Amino acid sequence: MKKGIHPTYQEVVFMDVNSGFQFLSGSTKTSKEEIIWKDGKTYPLIKVEISSDTHPFYTGRQKFSDRGGRVERFYEKYKNTRK
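Along every chain, residues carry numbers that run from 1 in the direction the sequence is written. Reporting in this predicted model follows two pLDDT cut-offs: at least 70 for local features of residues, and 80 or more for side-chain atom pairs to be given and counted; totals over whole chains, interfaces and linings ignore these cut-offs and use all residues. Water and hydrogen atoms play no part in the side-chain values, which are based on all heavy atoms of the structure.

Caption draft 1: Main features of the overall build of the protein chain. Within the protein chain one finds 2 helices and 4 strands. Only DSSP runs of H or I reaching four residues or more are called helices, and only runs of E reaching two or more are called strands; each is numbered from the N terminus. Secondary structure of the protein chain in N-to-C order comes out as β-β-β-β-α-α. Should any heavy atoms of two residues lie within 4.5 Å, those residues are counted as being in contact. Sequence-distant contacts in the protein chain: of pairs separated by 6 or more residues, those separated by 24 or more amount to 35%. Surface exposure here means Shrake-Rupley accessible area, sampled with a 1.4 Å probe, where a residue is shielded only by the protein chains that are shown. Carbon and sulfur atoms make up 51% of the accessible area of the protein chain, which totals about 7,100 Å².

Caption draft 2: Highlighting the side chain of Thr54. Inspection of the secondary structure puts Thr54 in the loop between strand S4 (42–48) and helix H1 (56–59). Think of a polar contact as two N or O atoms within 3.5 Å of one another; within protein, one of them needs to be a possible hydrogen donor and the other a possible acceptor, and neighboring residues in sequence only count if both atoms come from side chains. Of note is the side chain of Thr54, whose polar atom sits 2.7 Å from the side chain of Asp16.

Next comes the structure, spelled out in structure tokens:
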């Protein structure tokens, strides 16, 4: 591996902003925010919109609210086309 061309790989904490679920993983992403993890060490904090804790594929149901009202707009648009 050539030196100086690869990003720094480090441990970071990812936090799902919808549920508050946090997990520690390795990544090349960086952040100005930091958090103290369960082991007492400080790690960069990366906030994500969706994770395995809130994704319907993993949970089998939707855990977070529909913030944009997309479902309601869809039903309103197509309410007369239902048979």
